[in-house]
Amino acid sequence: MVATWNAARGVWEGDRARADIAIPSPLWIFGYGSLCWRSDFPSVEQFVGRAKGWSRFFAQRSMDHRGTPEDPGLVVTLLSDFQLEQLGLRQKDAEPSSCCGLCYRVADEKVASVLEALDFREKGGYSQ
């Protein structure tokens, strides 16, 4: 199912998150929320990392993780410095934001199954 944006509810609807991009090899996944303490997928390497120019915010609505279809709850998402500036939450001349998280390298033979599991787990708020 292709995910579609429901602007009235502030959520992505659908259970697939595939973007029209080539999957890189090796595949690195940056976890900045629950993936830090509950990754639920195999990795061959992991370390603490930092994404410069991005901030973590409770700014995304979710119907399955912290809410219902009738009342979506807030979950953590990443917003770029540009997005924060557009929302009036950041000054253009401020130092770049950064977000700490865990970086996971996925074995080539596990990429398809890991992405399939993440597509389901993160449905409604994630894209590859």
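Residues numbered from 1 in each chain as written. Predicted model: local features only at pLDDT ≥ 70, side-chain atom pairs only at ≥ 80, totals over all residues. Heavy atoms only, no water.

**Student:** It is not clear to me how the sheet that holds strand S4 (residues 45-52) should be interpreted in this structure. Could you clarify?
**Tutor:** The 3 strands are arranged S3-S7-S4 in an open sheet whose pairing can be described as antiparallel. Each edge of the open sheet carries a strand with a single partner, namely strand S3 (27-31) and S4. Between one strand axis and the next, the sheet turns by 35° as a mean value, whatever way the strands run. Direction of pairing for S4 relative to strand S7 (residues 98-106): antiparallel, over a ladder of 8 bridges. Counterpart to Arg50 in the pairing with S7 is Cys100. Along the sheet, helix H2 (residues 111-121) contacts S3 and S7; its crossing angle with S3, the most-contacted strand, is approximately 30°. (Pairing = 2+ DSSP bridges. Helix = DSSP H or I, 4+ residues; strand = E, 2+ residues; numbered from the N terminus. Axes fitted to C-alpha atoms, helices over the stretch in contact; angles between N-to-C directions. Contact = heavy atoms within 4.5 Å.)

**Student:** What is the right way to read unusual backbone geometry from this model?
**Tutor:** One can expect most non-glycine residues to show negative phi and most peptide bonds to be in trans. Note the cis peptide between Ser25 and Pro26, where omega equals 5°. Within the fold, Pro26 resides in the loop between strand S2 (11-13) and S3. We note that Asp40 has phi near 60°; this positive angle belongs to a residue other than glycine. With respect to the secondary-structure elements, Asp40 resides in the loop between S3 and S4.

Function-wise, these values are silent; they only describe arrangement.
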